[in-house]
Amino acid sequence: MPRPTSLRGLRRLAGDHVDRSRQLGVVAPAPVPGSRSLDALERPNRGLMTRIPFGKIVGYILMTLLAAVMAIPLYWMLSGAFKEYAEIRAIPPVWVPDAWRNAFSPDALGFGNFVEAWNAAPFGRFYLNTLIITAAGTAGELFNACLTAYAFAFLRFPKKDLIFVLLLVALMIPGEVTTLPNYIFIGSTIREISSSLLGFEITGINTYWGIFLPAVSTAYGTFLLRQAFLSLPREVLEAARLEGASHIRLLWDMVIPMSKPILITYGLISAVAHWNAYLWPLVVTRTIEMRPLTVGISYLFDTEGNTNYGVVMAATCFVVLPLILVYIWAQRFIIDGIAAGATKG
Amino acid sequence: MVPQTELSAPGSATVATTVTPRQSAVRRVFRSEHTLFLLFVLPNLVLFSIFTYWPLIYNVYLSLSTWNFLTPDKPFVGLDNFRFLFSSAEFWGVMRSTAIYTVGAVGGSVLLGLSAALLLNQKLRFRTGVRAMIFAPTLLSGVAISIVWFYIFDPRVGLFREMLSWIGVASPPWLGDPDWAMVSVIIVYVWKNLGFAAVIYLAGLQGIPKDLYEAAKVDGANAIQRFRDVTWPQLGSIHFFVMVTSILGTLQSFDIIRTLTGGGPVDATTNLIYYTYEQSFINSNAGRGAASAMILFAVMLVVTIVQYRISERRTHYA
C-alpha cells in the first residue's frame, strides 16, 4: 500500500483548521448561530426584567431560590451520610451533622456510615461491575457510532437511504419495550442455539456481556456524529484522499481528531447512561456479585429501608459522587452538546 | 435524505502496478467502497437486528401467546392478552395513572424549565453556575435520587415535614397515600428533569434575533407583550422538542417509580412501563407483559409520529 508522503503535512493543515476554527468558535458542539455560549448574551438583551429598577434584585432572589431548590436535596443526601443514628431520628432534623462540627477534633472521623455501607454490601465489586459495563458500553457505542457515521457521511453504497431508514426505525424502539424478549433471547434462545450448534451452552444471564451488549448499538450517536462529520472541511479530506489515504486512515488520522469535541460530548452522555442504567441490569443479573451500583443500592435500600437513613445516604453517595465529580470537570461539554443537539434539530 | 458527499476515490488502478494481479483483485474487492460501507455499518446493524428489530417482532409473537417462563411451549391465544388488558379495571387504572403522571411531570418540567430559562436569560451574575447546577440532577441515577427523596418525604423525620412545620402545616403522608404518592413521584421527576428543559429553552432563547425585541420596543410593546408576541412564538420548535422528549422520557420512567413507591400504594403510581415489568418479571406472565409492552410502544410511536409530522410541516412553511 503506497504510504502517502505528505499526510503528516495534511494532518497539520487539518489540525490548523481545528485550532483556528476553535478560536472563531466554529467547531462543534454548539453550532447555533448567535448563541455560542452564555457570554454571547453579555450584549444588551431586552428580556423581561432588564428595565425595571428592582428587576435585578428580584432576579437574584429568584435565582437564589432556584439554586436552593436544586441544591438542598443533594445537601440532604451528603449531610445525611454523616449523621449518626440519633441525629437521623432527631426532631427537628439536624442540618449540620455533629461529625462536621467536630471535624477538627482528632477522634471524630464521621465516616462511620460510609464504612458501614461499604461492609453492608460488596460495594468494591459493584464499582468494578459498573466500571466494566460503563467502559465496554461507551467504547462499543463510540466504535459503532464512528464507523456508521463515517460510512453514511462519506462512503457510496446503493440504496443508502433505505439503510438510513433502518436506523431511524431503531431510534423509535426504546429498550424498555424490548426488555422481555431480550431477556428470553439472552437467557434461553442463546442457550438453545449454542447447545445445538456448538455442543455446549452459552447464556448471557448474569454475565457482563449480557448486560452491556444489547446497549452498544446506537442510532442517536450515528446521527449526532454524521452531522459533525459532514461539517468538517471537505477540501482537507479530499486532498488526503487524492494523496492516496485509505478511508480507515482518513477516519482514524483526520476525521476523529478533528471531531474531538463532539466525540467527548457523546462519550460522556453515553457513559452517564451506562453508569445509571437500571432496568436491564436489574432483570439480567442473578447474583449479588454481578450487580452494578444502581441495582446494588436499590437492593440495599429494599433491605435497610427507611430505618437507617445514614447508611443508605452514604451508599447513595457512592453512586452519585463520581458522576458529580465528572460533571464538575466536564459540564461545559455536556450542556453545550445537549443544547446543540436540540436546537439543530 | 442523505446528502451526496462521498469523497471521490483516486484511481485505484495506480496501486496495482507493484502487486500481482491476484493480490490486486483481492485488494480491489477489499478496498471497494461498497465493501467498506458494509464493514463499517454491519456491527451496528447486526446488533440492532439481534437486540432491537428481532425482539420487537418476537414481542408481537409473545403478546399473542401465553407463557409462564416454565412450560416448554408457548400456546397461541390470539388477542386474548389484549382482550384481558382492555377489559380489566386494573389496566385502565394503570392507563389513568400513566396519563396523570405524564401530564403532571411533563407540564411541571416544561413550565418550570421555561421559567428557569427566562430567568437565566437575564444578565445576572453566577447564572452559568446556576445553569450547571439545575442541569446536574438530569445526569444522576434515578435510583439514587429517589432514595434521597424517600428520606426527604419521610413523614416522621423528613425534610418536608420540618419545612411544613415552619408554616404550621402538618406533613401529608406523601408516599403512604395513593394521591399524595402520585404528587410525590411527579415532584421527583420534575426536580430531576426541569434542568434539561431549561437548558434547551435557554439555547432557544439565545437563538431569537435581538432586533425582533428592538422592533417590538419601538412599537411600544411592554415586557409581557414582548414575551407573548416575540418570545413565545419564536420558541415554536423548541416547545415541541421539549414536550416530545419529556413525554417519551416520562413514559420510560421506571427507576423513580420502582424505588419510591414500587407502583403503590394500591397501584396508584403504577405506570405502563412499571406494569409491563410487573407482569413480565414479577407475575411471570410473559404474554400479558408483552401485550402491555406493545401498548407502551404504540403510545410512544404515536407521540413520535405526531412529532415527525408537525416538525415536517414546520420546515415546509419555514
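Calculation notes
- Residues numbered from 1 in each chain as written.
- Chains lettered and ligands numbered in written order.
- Predicted model: local features only at pLDDT ≥ 70, side-chain atom pairs only at ≥ 80, totals over all residues.
- Heavy atoms only, no water.
- Helix = DSSP H or I, 4+ residues; strand = E, 2+ residues; numbered from the N terminus.
- Buried < 20%, exposed > 50% of the residue type's maximum accessible area, 1.4 Å probe, protein only.
- Contact = heavy atoms within 4.5 Å.
- Expected span 1.5 Å × (residues − 1).
- Polar contact = N/O pair within 3.5 Å; in protein donor to acceptor, adjacent residues only side chain to side chain.
- Arc of directions from axis to C-beta.
- UniProt positions renumbered as here; feature names shortened; annotations may be inferred.
- Phe/Tyr/Trp six-rings, centres within 6.5 Å; stacked < 30°, edge-to-face > 60°.
- Buried area = accessible area lost by both parts, 1.4 Å probe.
- Salt bridge = Lys/Arg side-chain N within 4 Å of Asp/Glu carboxyl O.
- Nonpolar A, V, L, I, M, F, W, Y, C, P; charged D, E, K, R; others polar.
- pLDDT = per-residue confidence, 0-100.
- Axes fitted to C-alpha atoms, helices over the stretch in contact; angles between N-to-C directions.
- Parallel < 35°, antiparallel > 145°, perpendicular 65-115°, else oblique.

(A) Focus on the overall build of chain A. The helix and strand tally for chain A stands at 16 helices and zero strands. The burial tally for chain A puts 53% of its 345 residues in the buried class. Residue pairs at least 24 apart in sequence account for 72% of intrachain contacts in chain A once pairs closer than 6 positions are excluded.

(B) Region of interest: helix 6 (residues 142-153) of chain B. Residue and element names in this part refer to chain B. Compared with the 16 Å implied by 1.5 Å per residue over twelve residues, the 16 Å span of helix 6 between its first and last C-alpha is a close match. Of all twelve residues in helix 6, twelve are buried, a share of seventy percent or more. For helix 6, every residue scored as buried is listed here: Gly-142, Val-143, Ala-144, Ile-145, Ser-146, Ile-147, Val-148, Trp-149, Phe-150, Tyr-151, Ile-152 and Phe-153. The N-terminus of helix 6 is capped by Ser-141, whose side-chain oxygen sits 3.2 Å from the backbone nitrogen of Val-143.

(C) Structural detail: helix 5 (residues 112-120) of chain A. If you check which residues of helix 5 of chain A are buried, you get Asn-113, Phe-114 and Ala-117 of chain A. Along the axis of helix 5 of chain A, the buried positions cluster into a sector of 100 degrees, meaning they face one direction only.

(D) Focus on the UniProt feature "transmembrane region" (unreviewed entry) in chain A. All names here are of chain A. Mapped onto this numbering, the UniProt entry gives "transmembrane region" (unreviewed entry) at residues 57-78, 126-155, 162-186, 206-225, 263-283 and 309-330. Helix and strand shares over residues 126-155 are 97% and 0% respectively, and the end C-alpha atoms of the span are 42 Å apart. Within the segment residues 206-225, helix and strand shares are 55% and 0% respectively, and the terminal C-alpha atoms sit 32 Å apart.

(E) Geometry of the packing of aromatic side chains. Tallied over the entire structure, the rule returns 48 aromatic pairs over all chains. Ring plane angle 65 degrees and centroid distance 5.5 Å describe the contact between Trp-76 of chain A and Trp-95 of chain A, whose orientation is recorded as edge-to-face. Within this pair, whereas Trp-76 of chain A is found in helix 2 (residues 55-80), its partner Trp-95 of chain A is found in the loop between helix 3 (85-89) and helix 4 (98-101), the two being separated by 19 residues in sequence. Pairing Trp-149 of chain B with Phe-160 of chain B gives two aromatic rings, centres 5.8 Å apart and planes at 75 degrees, and the pair type is edge-to-face. On the criterion of sequence distance, the pair formed by Trp-149 of chain B in helix 6 and Phe-160 of chain B in helix 7 (residues 159-166) is long-range, its members being eleven residues apart. Looking at Trp-149 of chain B, the relative accessible area reads 5%, which means it is buried. Assessed through its relative accessible area of 19%, Phe-160 of chain B is described here as buried.

(F) Examining the interface of chain B and chain A more closely. Contacts between chain B and chain A engage 114 residues on the former and 125 residues on the latter. Both faces combined, the contact of chain B with chain A buries some 11,400 Å², and carbon together with sulfur accounts for 73% of it. Here chain B is connected to chain A by two salt bridges. The salt bridge involving Asp-302 of chain A is made with Arg-258 of chain B; its shortest N-O contact spans 3.6 Å. With 22 residues, helix 2 (residues 33-63) of chain B is the largest single contributor of residues to the side of chain B that touches chain A. Of the residues belonging to the side of chain B that touches chain A, the class tally is 77 nonpolar, 19 polar and 18 charged.

(G) Fine view of the side chain of His-274 of chain A. Residue and element names in this part refer to chain A. Looking at the secondary structure, you find His-274 in helix 13 (residues 260-276). Accessibility expressed as a relative area gives 10% for His-274, which makes it buried. Excluding anything up to four places from it in sequence, His-274 contacts Ile-133, Thr-134, Gly-137, Thr-138, Glu-141 and Ala-215.

(H) Quick look at the confidence of the model for chain A. Averaged over chain A, the pLDDT score is 81; the fraction of residues at 70 or greater is 81%. Low pLDDT (under 50) marks residues 1-43 of chain A, which in the prediction has 68 contacts with non-local residues, meaning those over four places away or in another chain.

(I) Spotlight on the packing of helix 2 of chain A against helix 6 of chain B. Here helix 2 of chain A crosses helix 6 of chain B at 85 degrees, and the two axes come no closer than 10 Å. With respect to helix 6 of chain B, the axis of helix 2 of chain A lies roughly perpendicular. Touching Pro-73, Leu-74, Trp-76, Met-77 and Gly-80 of chain A of helix 2 of chain A are Ile-145, Val-148, Trp-149, Tyr-151 and Ile-152 of chain B, all from helix 6 of chain B. Its residues placed into classes, the contact of helix 2 of chain A with helix 6 of chain B shows nine nonpolar, one polar and no charged.

(J) Structural view of the pattern of salt bridges. Residues and elements named next belong to chain A. In the structure shown here, the tally under the stated rule is seven salt bridges over all chains. Measuring nitrogen to oxygen at the nearest pair gives 2.9 Å for the salt bridge that ties Arg-249 to Asp-253. Taken together, the residues Arg-249 and Asp-253, both in helix 12 (residues 247-258) and four residues apart, mark about one turn of the helix. Residue Arg-249 is classed as partly exposed on the basis of its relative accessible area of 26%. Residue class for Asp-253 comes out buried when judged on its relative accessible area of 16%.

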